[in-house]
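Single-letter residue listing:
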Amino acid sequence: MEVIRGQEWKRPKPGPDAFERPFFEAAARGELLYQRCPKCGHAQFYPRAVCTACGADPEWATASGRGAVHTYTVVRQNGMPPFKDELPYVVAMVELPEGVRMMGNVTGMSPDEVGVGTKLEAYAVEFEPGLALPFWRPLR
Amino acid sequence: MSARDPVIVGVGLSDYPVAPHLSTPQHHAQAMQRALADCGLPKRALDGYCSAGMGGAGAEAVAMAEYLGIDHRYIDSTMTGGSSFEFHVQHAAAALRQGLCETVLVTYGSNFLSARGRTLGTGGFAARGAHVHGADMFQAPYGLSLVGAYAMVARRHMHAYGTKPEHLAEIAVGVREFAGLNPLAMYRDPITVQDVLSSRMIADPLHKLDCCVVSDGGGAFVMTTAERARDLRQPAVRVLGAAGGQTHWNISQMPDFTRSAAAKCAPETFAQAGLTPADVDVIQFYDSFTITVLTLLEDCGFCPKGEGGPFVAEGHLRRGGRLPLNTDGGGLSSCHSGMRGVFLIIEAVRQLRGQAGAAQVPGAEVAMCAGSGGFLSGIGTVLLGKS
């Protein structure tokens, strides 16, 4: 996925521990990670120290970076900065073909054009050098 | 009824919906005083205590037990969000049956509106400070509001089943009609489906009038055994069944955005009681949002999954309908001080005692409460019956 660097970050900033950090480091390299269990094959996101299906140790896996809107909302009222200056905006649950869902903003299209099933691709935005978070835009 | 069957004997509400003169612990205290006065038990009779809160003073059961001066031998601080008090009923009922205690007090209180304004639904939830951790790292940076989380559930339900905004609006209209009968309710003027649909969109597809109020308020109830209840002031209300479960905690982890844990715990509750949905006369269901009620209705088995919209549109939940909903005016129009589950139990007790005044459902013998905590995350269902 494309990585956008050098933008001012005003949003709440992830403070990952050593275990979670690889997700954000990979995103800053343009890779979208999720977890897969080597024992039972279960896919999961957000990253955890245990497979929620069988209890084994999950491993990192790389996703294609594509997905589709499972459900979404257009936030039209939020009193907190920086979000209050960005209204209206879309927050979606994105279904990945790898079998996990990720929350994210859908940008690059009008909120009115977003629907359940809209096909998306991920891009990453660096929030500090070497660490990035995924966002979503229409599949090109 | 056997001697140790659990019953509810006293209920009390603290001042609501706007009570700037009360702190959170003072809401707990006032509600306790009123619940004890209601049943006639002295405070020293209490040997069990359950409570939950949203942070700050009054959040911890042990701190509230100290403040209220309760010498307990059974304590439960289960915190599942707004449904905590339905879980407390389940746990206290088991404790009473086992003889772990004789008389349990459950309290909730919050000065939410006076202390924090109306920020809960549209900002406060997203404001987690400069740094976020754990699951929040994958949610908070995207600015989802609390209303927005429930809006995602409503959107998926509409997509999957063709549910319409008009269906959801009908729920708000019916609850408002009951609020008109409650002199203390925050909003009492009648509204129409069109009023809901033309109210401001907060997070599509949820309008302002699809959302509950933010208020101050607290509540308390006293549980004891059937044997102990015999010589008390009020008719005892029986706990016929109580069960709970969770499918997720964070909204991003909801496995099926149209289905809650009530799909599992409600059948268990009915089985304990030996009843079916057809036996229920009145329901007190968590109405943080209109979609919360619709989801719980389906999951509790009052209509098949996906048919909640048309079911509601038939008017069953209205005053005079066959399944009146939230006869105190609910969270949608009367009182929602952060965690509403305690009020569901209190209003169900009033109905089963025949003390609900103009909102009384004639001949009500069985009431169901369904509490929802988090984001349709932790669900507790309780069936109560007239003795």
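Cut-offs applied
Residues numbered from 1 in each chain as written. Chains lettered and ligands numbered in written order. Predicted model: local features only at pLDDT ≥ 70, side-chain atom pairs only at ≥ 80, totals over all residues. Helix = DSSP H or I, 4+ residues; strand = E, 2+ residues; numbered from the N terminus. Rg over C-alpha atoms; globule rule 2.2 N^0.38 Å. Buried ≥ 20, exposed ≤ 12 C-beta atoms within 10 Å, placed from the backbone. Contact = placed C-beta atoms within 7 Å. Pairing = 2+ DSSP bridges. Nonpolar A, V, L, I, M, F, W, Y, C, P; charged D, E, K, R; others polar. Domains from an automatic or database assignment. Core = buried A, V, L, I, M, F, W, Y, C linked by C-beta atoms within 7 Å. Expected span 1.5 Å × (residues − 1).

### Thoughts on the overall build of chain A
Here comes step 1: Along its length, chain A carries one helix and ten strands.
Here comes step 2: Along chain A, helices and strands appear, N-terminal first, in the series β-β-α-β-β-β-β-β-β-β-β.
Here comes step 3: By the compact-globule yardstick of 14 Å for 140 residues, chain A fits well, its C-alpha radius of gyration being 15 Å.
Here comes step 4: Taken over the C-alpha atoms alone, chain A extends approximately 45 × 35 × 30 Å along its principal axes.
Here comes step 5: Counting all 140 residues of chain A, 39% fall into the buried class.

### Considerations on the environment of Gly79 of chain A
Here comes step 1: Along the chain, Gly79 of chain A falls in the loop between β6 (66-75) and β7 (89-95).
Here comes step 2: Sequence separation between Gly79 of chain A and Gln35 of chain A is 44 residues; the distance between their C-alpha atoms is 34 Å.
Here comes step 3: Not counting residues up to four positions away in its chain, the partners in contact with Gly79 of chain A are Lys84 of chain A together with Thr119, Thr122 and Gly123 of chain B.

### What about the sheet that holds strand β4 (residues 43-44) of chain A?
Residue and element names in this part refer to chain A.
Here comes step 1: The strand order across the open sheet formed by three strands is β4-β3-β5, and the pairing between neighbours is antiparallel. This sheet does not close on itself; its edge strands, each paired only once, are β4 and β5 (59-63).
Here comes step 2: Both strand β3 (residues 32-36) and β4 contribute to a ladder of two bridges, which runs antiparallel. Looking at β4, one finds that Arg36 is bridged to Ala43.

### Side note on the interface of chain B and chain A
Here comes step 1: Between chain B and chain A, the residue contacts involve 33 residues of the former and 28 residues of the latter.
Here comes step 2: Among the elements of the structure, α5 (120-124), β5 (131-132), α6 (146-161) and β6 (201-203) of chain B are those that each provide at least two residues to the side of chain B that touches chain A.
Here comes step 3: For the side of chain B that touches chain A, the leading source of residues is α6 of chain B, giving six residues.
Here comes step 4: In terms of residue class, the side of chain B that touches chain A is made up of 17 nonpolar, twelve polar and four charged.
Here comes step 5: In the sheet, strand β2 (residues 13-14) of chain A pairs with β5 of chain B via two bridges, with the strands oriented parallel. Looking at the pairing, Pro14 of chain A lines up with Val132 of chain B of β5 of chain B.

### Describing the pairing of strand β10 (residues 282-285) of chain B
Residue and element names in this part refer to chain B.
Here comes step 1: Residues of β10 alternate between two faces, with Val282 and Gln284 on one and Ile283 and Phe285 on the opposite face, all of them buried.
Here comes step 2: In the sheet, β10 pairs with strand β11 (residues 366-373) via four bridges, with the strands oriented parallel. Paired with Val282 across the two strands is Ala367, which belongs to β11.

### Remarks on the domain arrangement of chain B
The accessible area lost on association of the parts is a frequent measure of interface size.
Residue and element names in this part refer to chain B.
Here comes step 1: Assigned domains within chain B: domain 1 (6-116 + 216-239) and domain 2 (143-212 + 243-386).
Here comes step 2: For domain 1 and domain 2, the distance between their C-alpha centres works out to 23 Å.
Here comes step 3: At six residues, the largest contribution of residues to the side of domain 1 that touches domain 2 is made by helix α3 (residues 84-98).
Here comes step 4: When grouped by side-chain class, the residues that make up the side of domain 1 that touches domain 2 number 17 nonpolar, eleven polar and three charged.

### Details of the nonpolar core
Residues and elements named next belong to chain B.
Here comes step 1: By size, the foremost hydrophobic cluster in this structure holds 171 residues, and its most contacted members are Phe221, Ile345 and Leu384.
Here comes step 2: Of all the elements, α6 adds the most residues to this core, at nine residues.
Here comes step 3: Summarising the domain contributions, this core has at least three residues from each of domain 1 (6-116 + 216-239) and domain 2 (143-212 + 243-386).
Here comes step 4: Those residues in contact with Phe221 that lie beyond four places of it in its chain are Ile8, Gly10, Val11, Ala35, Val106, Ile345, Ile346 and Val349.

### A word on helix α14 (residues 341-353) of chain B
Residue and element names in this part refer to chain B.
Here comes step 1: In a regular helix each residue adds 1.5 Å, so 13 residues correspond to 18 Å; α14 covers 19 Å between its end C-alpha atoms and thus fits that length.
Here comes step 2: The buried count for α14 comes to twelve of 13 residues, which makes it a mostly enclosed element.
Here comes step 3: When we look at burial in α14, the residues that qualify are Gly341, Val342, Phe343, Leu344, Ile345, Ile346, Glu347, Ala348, Val349, Arg350, Gln351 and Leu352.
Here comes step 4: Positive phi shows up at Gly354, right after α14, with a value of about 75°.

### Considering the environment of Gly55 of chain A
All names here are of chain A.
Here comes step 1: Along the chain, Gly55 falls in the loop between β4 and β5.
Here comes step 2: In this structure Gly55 comes out as exposed when scored by C-beta crowding, with 10 C-beta atoms within 10 Å.
Here comes step 3: Distance in space between the C-alpha atoms of Gly55 and Lys39 is 9.3 Å, their sequence separation being 16 residues.

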